[in-house]
There are 2 protein chains.
Amino acid sequence: MEIYTTISEIKEFIKSKKLVGEKIGFVPTMGYLHQGHLSLMKEARQDNDIVIASIFVNPTQFGPDEDYDEYPRDLDRDAELAAEVGVDAVFAPEADEIYDSGAATTIQVEGLTDKLCGACRPGHFTGVCIIVSKLFNIIAPDHAYFGQKDAQQVLVIKRMVKDLNFDLEIVIVPIVREEDGLAISSRNKYLNQEERTAATVLYNSLELARELIEQGENKAKVVENKMVEMIKEEPLAKIDYVEVVKQETLESVTKIKDKILIALAVYIGGTRLIDNVMLEV
Amino acid sequence: MEIYTTISEIKEFIKSKKLVGEKIGFVPTMGYLHQGHLSLMKEARQDNDIVIASIFVNPTQFGPDEDYDEYPRDLDRDAELAAEVGVDAVFAPEADEIYDSGAATTIQVEGLTDKLCGACRPGHFTGVCIIVSKLFNIIAPDHAYFGQKDAQQVLVIKRMVKDLNFDLEIVIVPIVREEDGLAISSRNKYLNQEERTAATVLYNSLELARELIEQGENKAKVVENKMVEMIKEEPLAKIDYVEVVKQETLESVTKIKDKILIALAVYIGGTRLIDNVMLEV
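Rules used in this analysis
Sequence order sets the numbering: in each chain, residues are counted from 1 along the sequence as written. Following the order in which they are written, the chains are lettered starting with A and the ligands numbered starting with 1. Where local features are concerned, this predicted model is filtered to residues with pLDDT of at least 70; where side-chain atom pairs are given and counted, the filter is 80 or more; whole-chain, interface and lining totals use all residues. To obtain the side-chain values, all non-hydrogen atoms of the structure were used and water was disregarded. Whether two aromatic rings pair depends on their centres lying within 6.5 Å, for rings of Phe, Tyr and Trp, where Trp uses its six-membered ring; planes under 30 degrees apart make the pair stacked, over 60 edge-to-face, and the rest tilted. Per the convention used, a helix needs a DSSP run of H or I reaching at least four residues, while a strand needs a run of E reaching at least two, with both numbered from the N terminus. The classification of residues rests on relative accessible area computed with a 1.4 Å probe and restricted to protein chains. Under 20% of the type maximum is buried, over 50% is exposed, and intermediate values are partly exposed. The criterion is that NZ of a Lys, or CZ of an Arg, lies within 6 Å of the ring centre and within 35 degrees of the ring normal, and then a charge sits over that ring. The pairing criterion for strands is at least two bridges between them, as found by DSSP. All axes are obtained by fitting lines to C-alpha atoms, using only the stretch in contact for helices, and the reported angles, taken between N-to-C directions, cover 0 to 180 degrees. Contacts are residue-level and defined by heavy atoms, with any inter-residue pair within 4.5 Å sufficient. The working definition used for a salt bridge is a side-chain nitrogen of Lys or Arg within 4 Å of a carboxyl oxygen of Asp or Glu. Segmentation of the chain into domains, including their bounds, is taken from an automatic or database domain assignment. Once two parts are brought into contact, the accessible area they lose, counted with a 1.4 Å probe and summed over both, makes up the buried area. Polar contact is the term for a pair of N or O atoms within 3.5 Å; when the atoms are in protein, one must be able to donate a hydrogen and the other to accept it, and sequence-neighboring residues count only if both atoms are side-chain atoms. When residue character is reported, Ala, Val, Leu, Ile, Met, Phe, Trp, Tyr, Cys and Pro are called nonpolar, Asp, Glu, Lys and Arg charged, and the others, Gly included, polar. What goes into a patch is any residue over 30% in relative accessible area without a salt bridge, connected to like charges within 9 Å or, for nonpolar side chains (Val, Leu, Ile, Met, Phe, Trp, Tyr), within 5 Å. Per-residue and other accessible areas follow the Shrake-Rupley method at a 1.4 Å probe size, with only the shown protein chains counted as cover for residues. UniProt positions are given in the numbering used here, feature names are shortened, and annotations may be inferred rather than shown by experiment.

Glancing now at the packing of aromatic side chains. Enumeration over the complete set of coordinates arrives at 12 aromatic pairs over all chains. With a centroid separation of 6.4 Å and 35° between ring planes, the pair formed by Phe 56 of chain A and Tyr 99 of chain A is classed as tilted. One end of the pair, Phe 56 of chain A, is in the loop between strand E3 (50-55) and helix H3 (75-84); the other, Tyr 99 of chain A, is in the loop between helix H4 (95-98) and strand E5 (105-109), with 43 residues separating them in the sequence. Taken individually, Phe 56 of chain A and Tyr 99 of chain A each receive the classification buried, so the pair is uniform in this respect. Seen in terms of ring centroids, Phe 136 of chain B and Phe 146 of chain B are 6.4 Å apart; in terms of plane orientation they differ by 75°. Their pairing is edge-to-face. Linking Phe 136 of chain B in helix H6 (residues 124-139) with Phe 146 of chain B in strand E6 (residues 143-147), this pair joins segments that are 10 residues apart in sequence. The pair Phe 136 of chain B / Phe 146 of chain B is uniform in exposure class, with both members buried. Counting every residue linked through ring pairs, the aromatic cluster contains Phe 62, Tyr 68 and Tyr 71 of chain A. Its guanidinium or amino end placed over the ring of Tyr 68 of chain B, Arg 73 of chain B lies 5.0 Å from that ring's centre, counting from NZ or CZ.

Let's shift gears to the sheet that holds strand E2 (residues 24-29) of chain B. Residues and elements named next belong to chain B. An order of E1-E4-E3-E2-E6-E7 is seen for the six strands of this open sheet, with the pairing classed as parallel. If you trace the sheet from one side to the other, it starts and ends with strand E1 (2-4) and strand E7 (169-173), each paired once. The mean inter-strand angle of the sheet, taken between neighbouring strand axes irrespective of direction, is 25°. Alignment of E1 against strand E4 (residues 89-91), held across three bridges, turns out to be parallel. Paired with Glu 2 across the two strands is Ala 89, which belongs to E4. Packed on one face of the sheet, helix H7 (residues 151-163) meets E6 and E7 and runs near 170° to E7.

If you walk through the whole model with that rule in mind, you get 32 salt bridges over all chains. Residue Lys 162 of chain B is joined to Asp 100 of chain A by a salt bridge in which the shortest nitrogen-to-oxygen separation is 4.0 Å. In this pair, Lys 162 of chain B sits in helix H7 while Asp 100 of chain A sits in the loop between H4 and E5, so the two residues belong to two different chains. Judged by relative accessible area, Asp 100 of chain A falls into the partly exposed class, the value being 31%. Measuring nitrogen to oxygen at the nearest pair gives 3.2 Å for the salt bridge that ties Lys 221 of chain A to Glu 224 of chain A. With Lys 221 of chain A and Glu 224 of chain A both in helix H10 (residues 220-232) and three residues apart, this pair spans about one turn of that helix.

Before going further, it helps to examine the domain arrangement of chain A. Residues and elements named next belong to chain A. By the assigned domains, chain A splits into domain 1 (2-173) and domain 2 (186-276). Once you take the C-alpha centre of each, domain 1 and domain 2 turn out to be 26 Å apart. The interface of domain 1 with domain 2 comprises 21 residues on the first partner and 18 residues on the second. Between domain 1 and domain 2 the total buried area reaches about 1700 Å² when both faces are included, carbon and sulfur atoms providing 60% of it. The tally of links between domain 1 and domain 2 comes to six residue pairs in polar contact (both at pLDDT 80 or more). For the side of domain 1 that touches domain 2, the secondary-structure elements that each account for two or more residues are helix H5 (116-120) and helix H7 (151-163). In terms of residue class, the side of domain 1 that touches domain 2 is built from 10 nonpolar, five polar and six charged.

Turning to a nonpolar patch on the surface, a few remarks are in order. Residues and elements named next belong to chain A. A cluster of nonpolar side chains, namely Met 1, Ile 3 and Leu 75, defines an oily patch on the protein surface of about 230 Å² accessible area. Looking at where Leu 75 falls in the secondary structure, it is placed in helix H3. Leu 75 gets classed as partly exposed once you look at its relative accessible area, which sits at 33%.

Residues and elements named next belong to chain A. Taken in spatial order, the six strands make up an open sheet running E1-E4-E3-E2-E6-E7, and their pairing is parallel. Strand pairing shows two members of the sheet lacking a second neighbour, strand E1 (2-4) and strand E7 (169-173), which therefore form its edges. In this sheet, adjacent strand axes meet at a mean angle of 25° when their direction is disregarded. Pairing geometry for strand E2 (residues 24-29) and strand E6 (residues 143-147), over two bridges, is parallel. If you follow Gly 25 over to E6, its bridge partner there is His 143. Lying on the sheet, helix H1 (residues 7-19) is in contact with E1, E2, E3 and strand E4 (89-91); it crosses E3 at an angle near 165°. Most of the contacts of H7 go to E7, to which it runs at about 170°, and overall it touches E6 and E7.

We now examine the UniProt feature "binding site: (R)-pantoate" (unreviewed entry) in chain A. Residues and elements named next belong to chain A. When the UniProt feature table is mapped onto this chain numbering, "binding site: (R)-pantoate" (unreviewed entry) sits at Gln 61 and Gln 153. With the annotated positions falling across 93 residues, the maximum pairwise C-alpha distance of 11.4 Å places them together in a single cluster. Relative to the helices and strands, Gln 61 is located in the loop between E3 and H3. Judged by relative accessible area, which is 10%, Gln 61 ranks as buried. Once residues within four sequence positions are removed from consideration, Gln 61 is found in contact with Met 30, Glu 66, Arg 121, His 124, Gly 127, Val 128 and Ile 131. Engagement of the side chain of Gln 61 in a polar contact is seen with the side chain of Asn 58, the distance being 2.9 Å. Relative to the helices and strands, Gln 153 resides in helix H7. Overall, the relative accessible area of 15% leaves Gln 153 in the buried class. Residues contacting Gln 153, with those up to four places away along its chain left out, are Phe 125, Val 128 and Phe 146.

Structure representation (structure tokens):
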């Protein structure tokens, strides 16, 4: 497996593959790979001739008080894991290879980005849109793989791809969970043992919601309140949001019907975790 | 020459050409072609295997009080002219082929778009960036051609192409002028005979500026004031802006040196015309 750190190198690699008609699958990541990322890469491996993963902790999607500097990084380990699941090339540039000092362009996806994580992380999705656009133009993939765990990100990127006519297909891969249900995330590493146990409350509250809805509950407020109640019983947890919304638009619903997304963000100690479930009622 | 009106058709055409390694030159236009557009197409004809021109009056770059509805359109004539200069395919979609009702993405190029035309046409460059990005992703050209007449547009697009890593080269083609110096523009058609005569004041004031600078004048304010004086002598003219700015950043200059752009926008009757000259001092 090759590791490229410059745009010109990775483009040359891709060009040589496209010239012989090979299909490119692309998995953008911020590295510190876990089973969630690897499931994207395995899926990409099945659908494409060439699989490229990017490993880039993107500064523009972190707020000034967020964890850009402390975000975990381990390129050697990442490269090993990526190679094991059949990735052909890793693109791991430094920040100044990606952003030049005169950069002035921003991309907004209006509406979708005001809600859920967008409300408490201003600028986050603008940073996501810029880096994803840049990587799409550099890699020019046929398929690009994203995890359902970042449900809002998935919707924002799909909308952007449609609006800007990117010539590629977005593939969404299900959430990978630990045995006790915790959604796998690079940020789980921040949790101490006590917090790790407390963190199961995110998944458990989603399961509670699913059960309530399966039993016929159709008022979003009731479901949200029961989830909030359960989470509040966990002393280490602090709720950012718990919401039942429409899947495509992320608009709040009062009555639960059709395709809904139940999404939450909860601080466990100092670590902000997210999780979600999609249901069709 | 082929005329395509759907994205899927033009993409299929392009795919067939790329498959055999042909280079694509692209000339985006709003139609009602004149010698300025044709000079772009001729330039594209020289550099590429395949030349594609788009003809699309882009609603998102017009303000609510601007001339979107009245903007001149004549596809049959345009197709004839494009064919004459060797264009291989015209892409002429309807607005609803390009913009769907849920479109939510905007692109901003900060700094460059606040100045000159950006100051008096809010949203104009956002609309330009969106349509150009969409067309770049649909056509995937190797080279794209723009006229120097829209000097600010050229800078904004070059910045966006760099910031989003579009895999193409922007080629800038000089302004084409009538015999009396008037820059050729689709909007010249709005001018009655008297206004047409008055409109030469734009070019004449630029020529005055050039002469003053050649004679050693180095104060931007002096040059701007003399231009303004000349334009104000023309009763049909009403100045929007007259500015001496740095070529790359569009920032105002006080002392004229290095690479400068002298740009102006002037209403002649109800028609807003722009023109510019680039100098290196």
